[in-house]
Amino acid sequence: MTAIRQGALKASRPDRVATLSLIAAAILASMPFWAGSDTLRTGVEMLCFLALAQLWNLLAGYGGLVSFGQQAFIGIGGYALVLFAYRLGLSPYLALPIGAALSALVAWPMSRLLFRLNGAYFAVGTWIMAECWRLIFANWSWLGGGSGISITATMRAIDPWWREALAFWIAGLAGIGAVVGLYALLRSRWGLALTALRDSEPASEAAGISVRRVKTWVYVAASGGAGLVGGLIFLTKLRLSPDAAVSINWSVMIVFIVVIGGIGTIEGPILGCILYFLLREYLADFGAAYMIAFGALAILVMLTTRGGLWGEIRSRWGIELFPVRRRLDG
Amino acid sequence: MLNLIDTLLQGVMLGGQYALMAVGLSLAFGVMRLVNVAHGDFIVLAAYLALICMTTLGLHPLAALIVVVPVMAIVGYGVQRLLLNRAVGRDIMPALLITFGLSVIIQNGLLEVFSADSRRLDAGGLTAAGLRLGDGLAVGWFPLITFGLAVAVIAGLEALFARSALGRAFRAVSDDQEIVQLMGYDNRHLYALAMALAFAVMAVAGVLFGIGTVFDPAFGPPQLLFAFEAVIIGGMGSLWGTLAGGVILGLAQAIGFRVDPGWGILFGHAVFLLILAVQPRGLIPKTRDA
Amino acid sequence: MSALLETRELTAFYGDFQALYGIDLAVAAGEVVAIIGANGAGKSTFLKALVGLVAAKAEAVRLDGAAIGGIAPHRLVGLGLALVPEGRRLFPSLTVEENLRIGTAGSRGQWTLEAIYDLFPILAERRSSPATALSGGQQQMVAIGRALMSNPRLLLCDELSLGLAPTVIRDIYAVFPRICKAGTAIVVVEQDIGQAMAAADRLYCFQEGRVSLSGPAASLTREQISTAYFGLH
């Protein structure tokens, strides 16, 4: 008999995933007590990138929505800090979830319009949409206008240690949350729909999955997440300008991390993230060279192995850290 | 009133420039179903190539076209043959991400070689002279030349597509890349030729762009977005649609700039989004779905 | 018999799935050969393997004794092979006349635009229409004309009668003698056994990727054919 043997998988390996996640969470939670400021700052950045990469992976790798415009929501999350914390005086830690909610809220009507563009057009469309947000922020003088604004004042009352620790903990929540969240999502009823969507849209439509609805939810969720991370990034930078907040460079880095690591896998973006920070560390002295190296590497991956580095590792050694594939047993 | 006419005139002229930039994008999509995300960066690259010709050979920027156009055509042939042909298929992701990677490589490469300084291709008196149309109303010779060139290029390409054997083969490969091979055409060669043609037009657009405006290595992406908007507004039915799309975009931006200099580009984007909302298939839609 | 085209032990695969298990088949100049068989018997795959759209070993396909298996499709038309594909697959962006012209592939011979219009007079009237605006039968005529324009030595026709009315099918098959007169051989894949027997000199029956029966069309009985076709014993 043929049966989808998900039950058996659920019983064994997820325990390992849960154990690993708990150990990672425990290490991250304790880090502010023993790690130095520099380590924490790099850590925040890494975890933010991990979250953004994993969210883009959900969008492009599973939802089939290749977006070059997620910087719009990084910007909206950042400017939510300016508006609610700096201008309206709310706690910046409250402005973070507000920014995430706002991002998700504007993502919905945006998706209505963007989904009129198919495939490659959608990608450029999202980029144009992000440019619109950049120009809106640049023209909004109350939020600092084109030259940007400093929001240091919002953090003055908060003790520096707590500032660093809180930023790190939130980043940890976002980073691990994105990984575990995507893992849980893919193993849920929704996961089956997403995997079907990734493999063949017409087939999943025929199987009764509303492709449009799934895509809308994926887009809204990934955008809300990007809004949260965007807020966090500028909570640590404390200064934002439209050009920096809504920059295509965010997309460039996210896309390279996911593509090189392995699109459509959970492990890929983690690997890509580690690789990105290593390369940046060692090649930073060569100026723009590391971006050129990254671009060439991404092209190479697309030309040779679509599964990226993790895809290679998985096919060579059969390792799978996050078992989400359903197996068909004959 | 005079102000208004002047604004509209400037918008139309700007539209000619956008149309010229959009032709290559429209062509690559029409034949290969491919969106070249590095489109704008290749246009900027052409401007830098012209700059090299000017400084090393002492050429006038328009004379530099003799070098830049064939060089860019060869680059286009190579990019398609060596990279993009391997990614052509039902899945749009590889081609999209390969050109995205190219975009980053070109930008950073130009940054390394030419620094972030703004450049301009000095065309002598060409950009200063104008045609007086009446009291207080004038239009520069250079924008007029650009517009005329856009019309000429589009008319030439339309004739090529409608009447020549190569144009027929381009349409056929776009319809059915498998069967066209049985007609004796190597589809990979046809794709590369189409890309070479697109790059030749991009070279012209890039040189004229460099004469008309200051540019730096980061100027590629905005040109891609404007070209893309012109193509979508026009509706991909024909290259004349792309011209119409470019003019509409140019008008929107010119009117926006007149309202408030900060809103010009945003007005253009807004008109693009508006057309997407009310007429998603563009003004001159393709009558037949491929 | 000196064969124009000969296949020996021709195998073909779609990924892991094997579609052909060693087909031996020969076609002489000027002859009409019909391939019949049920759906999935490998008939269309066989034609695709001949024109290079499905991979084949070099020695498995010989044209005038030269090994041509696995050659790039765009080079086969120059060797004298032309295909009328299943479902016609005309170029929708091209007019009737453009569809015919693109078939030329630089060849010279008796099949010119005028000769095709003489063969199918209705196409001359519709020469400027988009190819896909024509009726099914007329589209089939364009597809045959497009293939003939390259002046092939071997014309391969895949499921000519699919979706066409019986009278239209008869009209189309009626031109076969005129095509063969100049020495062009025809291989026609056909599901309609009666039509195949009437049109062909020789018949091959495919079953699950193998030749289950072959011989002169006139010598085969209905019983033999239905056994070979359906695999009944």
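Residues numbered from 1 in each chain as written. Chains lettered and ligands numbered in written order. Predicted model: local features only at pLDDT ≥ 70, side-chain atom pairs only at ≥ 80, totals over all residues. Heavy atoms only, no water.

**Q** Would you explain a nonpolar patch on the surface in this entry?
**A** Residue and element names in this part refer to chain B. Together, Met-1, Leu-2, Leu-4, Ile-5, Leu-8, Ile-255, Val-259, Trp-263 and Phe-267 give the surface a local cluster of nonpolar side chains, amounting to about 810 Å² of exposed area. Breaking the nonpolar patch down by element, the ones donating at least two residues are helix 1 (2–32) and helix 10 (239–259). Looking at the nonpolar patch element by element, the count peaks at four residues for helix 1. (Patch = residues over 30% accessible without salt bridge, like charges linked within 9 Å, V, L, I, M, F, W, Y side chains within 5 Å. Areas by Shrake-Rupley, 256 points an atom, 1.4 Å probe, with all protein chains shown as cover. Salt bridge = Lys/Arg side-chain N within 4 Å of Asp/Glu carboxyl O. Helix = DSSP H or I, 4+ residues; strand = E, 2+ residues; numbered from the N terminus.)

**Q** Would you explain the interface of chain A and chain B in this entry?
**A** Each partner contributes residues to the interface: chain A has 38 residues there, and chain B has 38 residues. Summed over both sides, the interface of chain A with chain B buries roughly 3,500 Å², with 85% coming from carbon and sulfur. The largest contributions to the chain A side of the interface with chain B come from Tyr121(A), Trp127(A) and Ile128(A), which together make up 18% of the buried area. Inspection of the chain A/chain B interface yields zero salt bridges. (Contact = heavy atoms within 4.5 Å. Buried area = accessible area lost by both parts, 1.4 Å probe.)

**Q** Would you mind going over the interface of chain C and chain B with me for this structure?
**A** Often the size quoted for an interface is simply the accessible area lost on bringing the parts together. Contacts between the two partners involve 18 residues from chain C, matched on the other side by 18 residues from chain B. Buried area between chain C and chain B, both sides added, is near 1,800 Å², and the carbon and sulfur share of it is 63%. If you sort the residues of chain C by the area they bury against chain B, His74(C), Phe91(C) and Ile102(C) come out on top, with a joint share of 32%. Applying the counting rule to chain C against chain B returns three salt bridges. Measuring nitrogen to oxygen at the nearest pair gives 2.9 Å for the salt bridge that ties Asp176(B) to Arg89(C). Across the chain C-chain B interface, the total number found is six residue pairs in polar contact (both at pLDDT 80 or more). For the side of chain C that touches chain B, the secondary-structure elements that each account for two or more residues are helix 2 (73–79) and helix 3 (96–102) of chain C. Taken together, the residues of the side of chain C that touches chain B break down into 11 nonpolar, three polar and four charged. (Polar contact = N/O pair within 3.5 Å; in protein donor to acceptor, adjacent residues only side chain to side chain. Nonpolar A, V, L, I, M, F, W, Y, C, P; charged D, E, K, R; others polar.)

**Q** Could you clarify how one ought to interpret the pattern of salt bridges in this entry?
**A** Should the charged atoms of two oppositely charged side chains come close, the side chains can pair. Counted under the stated rule, the structure contains 17 salt bridges over all chains. Residue Arg171(B) pairs with Glu98(C) through a salt bridge whose shortest N-O separation is 2.7 Å. Taken together, the residues Arg171(B) in helix 6 (residues 165–175) and Glu98(C) in helix 3 connect one chain to another. For Glu98(C), a relative accessible area of 14% corresponds to the buried category. Here Glu6(C) makes a salt bridge to Arg8(C), at a shortest N to O gap of 3.7 Å. (Buried < 20%, exposed > 50% of the residue type's maximum accessible area, 1.4 Å probe, protein only.)

**Q** How do you make sense of the packing of aromatic side chains when you look at a structure like this?
**A** Two aromatic rings, taken as a pair, are described by how far apart their centres are and by the angle between their planes. Applying the stated criterion across every chain yields a total of 34 aromatic pairs over all chains. Measuring from centroid to centroid gives 5.9 Å for Trp133(A) and Phe137(A), while their planes differ by 35 degrees, and the two rings are tilted. Taken together, the residues Trp133(A) and Phe137(A), both in helix 5 (residues 119–139) and four residues apart, mark about one turn of the helix. We classify Phe137(A) as buried; its relative accessible area is 4%. Ring centres 6.3 Å apart and planes at 70 degrees place the aromatic pair Phe256(A) and Phe100(B) in the edge-to-face group. Of this pair, Phe256(A) sits in helix 11 (residues 248–261) while Phe100(B) is found in helix 4 (residues 93–114), placing the two residues in two different chains. (Phe/Tyr/Trp six-rings, centres within 6.5 Å; stacked < 30°, edge-to-face > 60°.)

**Q** I keep staring at the confidence of the model for chain C and nothing clicks. Help me out?
**A** Detailed reading of predicted coordinates is not advised where the pLDDT is low. On average, chain C scores 91 in pLDDT, and the residues at 70 or more come to 99%. Reported confidence for the predicted complex is 0.94 by ipTM and 0.92 by pTM. (pLDDT = per-residue confidence, 0-100.)

**Q** Is there a simple way to think about the sheet that holds strand 2 (residues 17–27) of chain C in this case?
**A** Remark on secondary structure: sheet strands pair via backbone hydrogen bonds, oriented parallel or antiparallel. All names here are of chain C. Taken in spatial order, the four strands make up an open sheet running 2-1-4-5, and their pairing is antiparallel. Of all the strands in the sheet, just strand 2 and strand 5 (66–67) have a single pairing partner and so form its edges. Direction of pairing for strand 1 (residues 5–14) relative to strand 2: antiparallel, over a ladder of eight bridges. Residue pairing for strand 2: Thr-11 is matched across the bridge by Tyr-21. Helix 1 (residues 43–50) contacts strand 1, strand 2 and strand 4 (61–63) of the sheet and is inclined by roughly 110 degrees relative to strand 1. (Pairing = 2+ DSSP bridges. Axes fitted to C-alpha atoms, helices over the stretch in contact; angles between N-to-C directions.)

**Q** I'm lost on the packing of helix 2 (residues 37–62) of chain A against helix 7 (residues 189–199) of chain A in this one. Help?
**A** The relative placement of two packed helices comes down to the angle between their axes together with the axis-to-axis distance. Residue and element names in this part refer to chain A. In contact at an axis separation of 8 Å, helix 2 and helix 7 are set at 55 degrees when each is read in the N-to-C sense. Taken together, the axis directions place helix 2 and helix 7 in an arrangement best described as oblique. Of helix 7, the residues touching helix 2 (which contributes Leu-58, Gly-61 and Tyr-62) are Leu-194, Leu-197 and Arg-198. When the residues that make up the contact of helix 2 with helix 7 are grouped by side-chain class, the tally is four nonpolar, one polar and one charged. (Parallel < 35°, antiparallel > 145°, perpendicular 65-115°, else oblique.)

**Q** Sorry if this is basic, but what is going on with the nonpolar core here?
**A** A general trend in soluble globular proteins is that nonpolar side chains are found buried together. If you look at the biggest cluster of nonpolar residues, it comprises 245 residues, and the most contacted ones within it are Trp56(A), Phe68(A), Tyr219(A), Phe256(A) and Phe46(C). Non-local contacts of Phe256(A), meaning those with residues more than four positions away in its chain, are made with Gly261(A), Met291(A), Phe294(A), Gly295(A), Ala298(A), Phe100(B), Gly101(B) and Val104(B). Of all hydrophobic cores here, the second largest spans 48 residues; its members include Val84(C), Ala147(C), Leu148(C) and Leu160(C). (Core = buried A, V, L, I, M, F, W, Y, C linked by side-chain atoms within 4.5 Å.)

**Q** Explanation requested: the sheet that holds strand 6 (residues 81–84) of chain C in the structure shown.
**A** Residue and element names in this part refer to chain C. Read from one edge to the other, the open sheet built from six strands follows the order 6-7-8-3-9-10, with strand pairing classed as mixed. Each edge of the open sheet carries a strand with a single partner, namely strand 6 and strand 10 (210–216). Neighbour-to-neighbour, the strand axes of the sheet open up by a mean angle of 15 degrees, direction not taken into account. Pairing between strand 3 (residues 32–37) and strand 9 (residues 202–207): five bridges, direction parallel. Directly across from Ile-36, in strand 9, lies its bridge partner Cys-205. In the packing of helix 6 (residues 136–148) onto the sheet, the strands contacted are strand 6 and strand 7 (154–158), and the crossing angle to strand 6 comes to about 170 degrees.

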